[in-house]
Amino acid sequence: MSLHPEQHDERSIVWLDIDNTLYSASAGISHAMGTRIHAYFLGLGFPEEEASKLHHRYYSQYGLAIRGLVRHHQIDPLDFDRKCDGSLPLEELLSPDPVLRKLLEDIDRSKVRVWALTNAYHTHASRVLRILGVDDLIEGLVFCNYSDPNFSCKPEAEFYQKAMEKAGVEDPSRCYFIDDSRTNVEAARRLGWGHCVHFCERGVLHVEGGRPKYIGSDIQEGEDLSGIDAVSKVDELRSVWPEIFKQ
C-alpha cells in the first residue's frame, strides 16, 4: 500500500528499503525488535523454546514473523505493531543523517523518483524517515498494510507488483532497488527489476528471525550473485548508479 498513489510517470524509480538499509544494523534496532517479538510470542502462551523456533521459522518462511502469526494464529497485526514496532525507542537509537540526506539531495529528480519500499507499517516507516531527517526527500511510501489481515510483504511477488501498480510503473527494468535482505533483492531481480543492490554490512552482528547473526556469513566468497551489486554504505550508490545523480 502507498501513501501517495501515482499516475503514469516516464521517469525511472528508485526503491529504498528502510530498516537496516538507510541506517546501520549497528544501531541495534534489530536486537530491540527481536526482543519485543519474542515477548509477543511468549504473551501468546508459547513456551520459551517453541517461541524461539516459531519466530525464526516464520521469519525464514514468510519474510516477517508477523506474517506467520497472522496466518497461523489469527493475531491482530495492529496489536503486534503497537507492542513491537511502536514501542521501539527509535529516538534513542537513531539521529539525523547528513550523509544520507546529501545522497538523496544529489539524486537527479528529473531522471528518477525516489520511493521507500518497506515491510513495516506506515507509522514505523514514517517515524524512521523523520528521525533520519529525510522524510521530505521521499516522494512515496509503499508499506505492509497491517490493517488488512491478508497483507503481502517482501519477498512475495505480489508485494512488488502492487508497489509498481501504486507508483504507476509499467516497465520493471526501470526500477532501482536496494535492500539489506538478499532474498528480497533476488525476488525483485526475478521480476525483472533492472538495477538491484544488496546492502551488506559484512561482519556486523545483528538479529535475524530472533537469532544473532553476522551479516554476510551465509554468502560464500566468489559466490554468483546473479549480477546483483553489493554495497556496505548507501553512499556507495553514487558509483553503482552514477547515471541517476546530478552531474
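Note: the structure precedes this text.
Residues numbered from 1 in each chain as written. Predicted model: local features only at pLDDT ≥ 70, side-chain atom pairs only at ≥ 80, totals over all residues. Heavy atoms only, no water.

### Considering the overall build of the protein chain
Here is step 1: Broken down by element type, the protein chain carries ten helices and eight strands.
Here is step 2: Taking 2.2 N^0.38 as the reference for a compact globule, 247 residues should give roughly 18 Å; the C-alpha atoms of the protein chain span a radius of gyration of 17 Å, in line with that estimate.
Here is step 3: Overall size of the protein chain, expressed as C-alpha extent along the three principal axes, is 55 × 40 × 35 Å.
Here is step 4: Considering only intrachain contacts with a sequence separation of at least 6, the fraction spanning at least 24 residues in the protein chain is 72%.
Here is step 5: Summed over all atoms, the accessible surface of the protein chain reaches about 11,400 Å², with 50% contributed by carbon and sulfur.
Here is step 6: A gap of 1 Å separates the mean positions of the 28 positive and 40 negative side-chain charges of the protein chain. (Helix = DSSP H or I, 4+ residues; strand = E, 2+ residues; numbered from the N terminus. Rg over C-alpha atoms; globule rule 2.2 N^0.38 Å. Contact = heavy atoms within 4.5 Å. Areas by Shrake-Rupley, 256 points an atom, 1.4 Å probe, with all protein chains shown as cover. Lys, Arg positive; Asp, Glu negative; His and termini not counted. Charge placed at Lys NZ, Arg CZ, Asp CG, Glu CD.)

### Here we look at the pattern of salt bridges
Here is step 1: This structure, assessed with the given rule, holds 21 salt bridges.
Here is step 2: One salt bridge connects Lys83 with Asp79, and the closest N-O pair in it is separated by 3.4 Å. Highlighted residues: Lys83 and Asp79, both in helix α4 (residues 77-83), separated by four residues, approximately one helical turn.
Here is step 3: Residue Asp79 is classed as buried on the basis of its relative accessible area of 18%. (Salt bridge = Lys/Arg side-chain N within 4 Å of Asp/Glu carboxyl O. Buried < 20%, exposed > 50% of the residue type's maximum accessible area, 1.4 Å probe, protein only.)

### Quick notes on the nonpolar core
Here is step 1: Counting residues in hydrophobic clusters, the biggest one holds 78 residues, and the most contacted among them are Trp15, Phe41, Phe80, Leu104, Leu117, Ile178 and Trp193.
Here is step 2: Here this core takes six residues from helix α1 (residues 29-43), the largest share from any one element.
Here is step 3: Contact partners of Leu117, with chain neighbours within four places excluded, come to Trp15, Leu16, Asp17, Ile18, Val142, Lys154, Phe159, Tyr160, Ala163, Phe177 and Trp193. (Core = buried A, V, L, I, M, F, W, Y, C linked by side-chain atoms within 4.5 Å.)

### So, the sheet that holds strand β4 (residues 175-179)
Here is step 1: In spatial order, the strands read β3-β2-β1-β4-β5-β8; together these six strands make up an open sheet with parallel pairing. Whereas interior strands pair on both sides, the edge strands pair on one side only; in this sheet they are β3 (140-142) and β8 (229-231). Neighbour-to-neighbour, the strand axes of this sheet turn through a mean angle of 25°, independent of strand direction.
Here is step 2: As judged from the three bridges shared by strand β5 (residues 195-199) and β8, these two strands associate in the parallel manner. Each bridged residue has a counterpart across the sheet, and for His198 the counterpart in β8 is Ala230. (Pairing = 2+ DSSP bridges. Axes fitted to C-alpha atoms, helices over the stretch in contact; angles between N-to-C directions.)

### Structural notes on helix α8 (residues 157-167)
Here is step 1: Every buried residue belonging to α8 is among Phe159, Tyr160, Ala163, Met164 and Ala167, and all of these are buried. Along the axis of α8, the buried positions cluster into a sector of 135°, meaning they face one direction only.
Here is step 2: Contacts made by the buried residues of α8 are with β1 (12-16), β2 (112-117), β3, β4 and α9 (182-190). (Arc of directions from axis to C-beta.)

### Points about the packing of α1 against helix α2 (residues 48-62)
Here is step 1: Orientation of α1 relative to α2, taken along the N-to-C sense of each, is 120°, at an axis distance of 9 Å. It follows from the interaxial angle that α1 and α2 lie oblique. Handedness of the crossing formed by α1 with α2: right-handed. Note on element contacts: α2 touches α1 through Glu48, Ala51, Ser52, Leu54, His55 and Tyr58, opposite Gly34, Ile37, His38, Phe41 and Leu42.
Here is step 2: Each residue belonging to the contact of α1 with α2 can be placed in one class, and the counts come to six nonpolar, four polar and one charged. (Parallel < 35°, antiparallel > 145°, perpendicular 65-115°, else oblique. Left-handed = near helix turned anticlockwise from the far one by under 90°. Nonpolar A, V, L, I, M, F, W, Y, C, P; charged D, E, K, R; others polar.)

### Describing the state of the cysteines
Here is step 1: On inspection of all chains with the given rule, the structure shows zero disulfides.
Here is step 2: Sulfur of Cys144: no disulfide; nearest cysteine sulfur belongs to Cys153 and is 5.0 Å away.
Here is step 3: Cys175 takes part in no disulfide bond, and the closest cysteine sulfur, belonging to Cys196, lies 8.4 Å away.
Here is step 4: We classify Cys175 as buried; its relative accessible area is 0%. (Disulfide = S-S within 2.5 Å.)

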